[in-house]
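# Reading the structure
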Amino acid sequence: MADLKQQIFQELTSLEESVIRLRGVAMDAGKQTDLEVAILTEQVKSLRAKNAEACEKIEKSMDILKKLK
């Protein structure tokens, strides 16, 4: 009976350690995801700014072409 209790406690301890590791992995994954979202957000801002600049240049080019006609 004592051996059975000891085995149960060992398995519970092992389970508890696994839960602790999994929580750590989940937290790290969450931090990684937050970092990825922040990077992607900055990239989108940069692309939008470049797109706006490109649109302005296209408009200016079209105006110049219209004047040359």
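Notes on the structure follow.

Rules behind the numbers
Residues numbered from 1 in each chain as written. Predicted model: local features only at pLDDT ≥ 70, side-chain atom pairs only at ≥ 80, totals over all residues. Heavy atoms only, no water. Helix = DSSP H or I, 4+ residues; strand = E, 2+ residues; numbered from the N terminus. Rg over C-alpha atoms; globule rule 2.2 N^0.38 Å. Buried < 20%, exposed > 50% of the residue type's maximum accessible area, 1.4 Å probe, protein only. Areas by Shrake-Rupley, 256 points an atom, 1.4 Å probe, with all protein chains shown as cover. Salt bridge = Lys/Arg side-chain N within 4 Å of Asp/Glu carboxyl O.

### So, the overall build of the chain
- Each helix and strand in the chain was counted, giving one helix and zero strands.
- The C-alpha radius of gyration of the chain comes to 30 Å, more than 25% above the 11 Å expected for a compact globule of 69 residues.
- In terms of its C-alpha atoms, the chain occupies a principal-axis envelope of roughly 100 × 15 × 5 Å.
- When the 69 residues of the chain are sorted by exposure, 0% land in the buried category.
- Total accessible area on the chain stands at roughly 6,700 Å², and carbon and sulfur atoms take up 62% of it.

### Some details on the pattern of salt bridges
- All chains considered together, the criterion is met by two salt bridges.
- Glu42 serves as the salt-bridge partner of Lys45, at 3.6 Å between the closest nitrogen and oxygen. Of the two residues, Lys45 and Glu42 both sit in helix H1 (residues 2–68), three residues apart, roughly one turn of that helix.
- On the accessibility criterion, Glu42 (48% relative accessible area) is partly exposed.

### Notes on the environment of Arg21
- Considering the arrangement of structural elements, one finds Arg21 in helix H1.
- For Arg21 and Val44, which are 23 residues apart along the polypeptide, the C-alpha to C-alpha distance reads 34 Å.

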